[in-house]
Amino acid sequence: MSRLYRRTETEMLRERCAKLEREVECLRRKSLSKLKLAAEVHRSLLPKPVRHERIWIDVRYSPTEEVGGDYCQVCFPNTHSCYLTICDVTGHGIGPALLATRISSEVRYAVMERREPRDIVRLLERFLHDYFDNPELLLSFVAVRIEFESMTLTWSGAGHPSPLLFRFAGRTVRALSSQNPLIGLSRPDEDQFQQDTIPIQLGDRLFLFTDGLIEVFDAEDQVLGPANLVDAVKAAGDCDLFEIVDRLFQAVAIRQHGPNLDDQTLVAAEIR
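Our subject in this report is the structure included herewith. (Residues numbered from 1 in each chain as written. Predicted model: local features only at pLDDT ≥ 70, side-chain atom pairs only at ≥ 80, totals over all residues. Heavy atoms only, no water.)

## Brief notes about the sheet that holds strand 6 (residues 152-158)
In step 1: Across the sheet, 5 strands lie side by side as 3-4-5-6-9; this open sheet has antiparallel pairing. Looking at strand neighbours, the two that pair on one side only are strand 3 (68-78) and strand 9 (196-199), the edges of this open sheet. For this sheet, the mean inter-axis angle between neighbouring strands, taken without regard to orientation, is 15°.
In step 2: Sheet topology places strand 5 (residues 139-147) next to strand 6; 7 bridges connect them, and they run antiparallel. The partner of V144 across the bridge, within strand 6, is W155.
In step 3: Strands in contact with helix 2 (residues 94-112) are strand 3, strand 4 (81-92) and strand 5; relative to strand 3, the strand with the most contacts, it is inclined by about 15°.
In step 4: The sheet strands contacting helix 3 (residues 117-131) are strand 4, strand 5 and strand 6, and the helix crosses strand 5 at an angle near 155°. (Pairing = 2+ DSSP bridges. Helix = DSSP H or I, 4+ residues; strand = E, 2+ residues; numbered from the N terminus. Axes fitted to C-alpha atoms, helices over the stretch in contact; angles between N-to-C directions. Contact = heavy atoms within 4.5 Å.)

What follows is the structure, given as structure tokens:
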């Protein structure tokens, strides 16, 4: 009788374990399905390649997880101007992706109103402080406005890696440094947000990217840094714009040792 009892007890435990395994697998599949949907929604916000008569634009996005905190946007509020924006929310996963989506909406409204780049930075700073009570929630951001009639570029950055401006005429690269601190780090006075304006010419190229593309390590455990990307931009100066983004990712991958630790986003634009 005791042997029969032990055998029955063992069978019951096996059945229970099998049931738990089925439940875990079911939950795993549901989670993957939700992550897949979140990733599709997030990717749907990314701009598609642009072949405008005055500007060409290409974009690449490589998250470390299904979804990430990187976001970028291309918007033409009228026929005379184009806005490029890029953002990197701290962290990975669904939370940062949701915030990036929310920021995308805030930025689009501001762009359609043709606000100054520094005013868009100010708007996001106010938005983060008004709606979120989390001192660890930070984001870097850059807003660029290109005016085709005056051939000028105006930008305002908030703790973001410096966009690179490749000058077609002299084959030089200029870093457009951020003028403002990380959004969420502190709340500056309303009149402290800065922007700058410079002239541009036909053939000039602009590269906006997140730090995941430059804060990678080589075989000697050294951070590649922006200099590696600058060299790659110069080396690919004669390439078609819609080839250069892939070449820049390849240039980083050749020197990178180990997996990506952060999301990687790159926006390339060429003045036509």
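## Brief notes about the nonpolar core
In step 1: Ranked by internal contacts, the top residues of the largest apolar core, which has 27 residues, are I57, L84, V144, I146 and L153.
In step 2: Residue assignment for this core shows that the elements contributing at least two residues are strand 2 (55-62), strand 3, strand 4, strand 5, strand 6, strand 10 (205-209) and strand 11 (264-271).
In step 3: Considering every element that reaches this core, the biggest residue donor is strand 2, with 4 residues.
In step 4: Apart from residues no more than four positions distant in its own chain, I146 is found in contact with I55, H80, S81, C82, L84, T152, L153, I200 and I271. (Core = buried A, V, L, I, M, F, W, Y, C linked by side-chain atoms within 4.5 Å. Buried < 20%, exposed > 50% of the residue type's maximum accessible area, 1.4 Å probe, protein only.)

## Examining the pairing of strand 6
In step 1: Most of strand 6 sits inside the fold, with 7 of its 7 residues counted as buried.
In step 2: Going residue by residue along strand 6, you find T152, T154, S156 and A158 tucked away on one face and L153, W155 and G157 tucked away on the opposite face as well.
In step 3: Two successive antiparallel strands, strand 5 and strand 6, enclose a turn made up of 4 residues, where M151 displays a positive phi of approximately 50°.
In step 4: With 4 bridges joining them, strand 6 and strand 9 adopt antiparallel strand pairing. Its bridge partner lying in strand 9, W155 is registered against D196.

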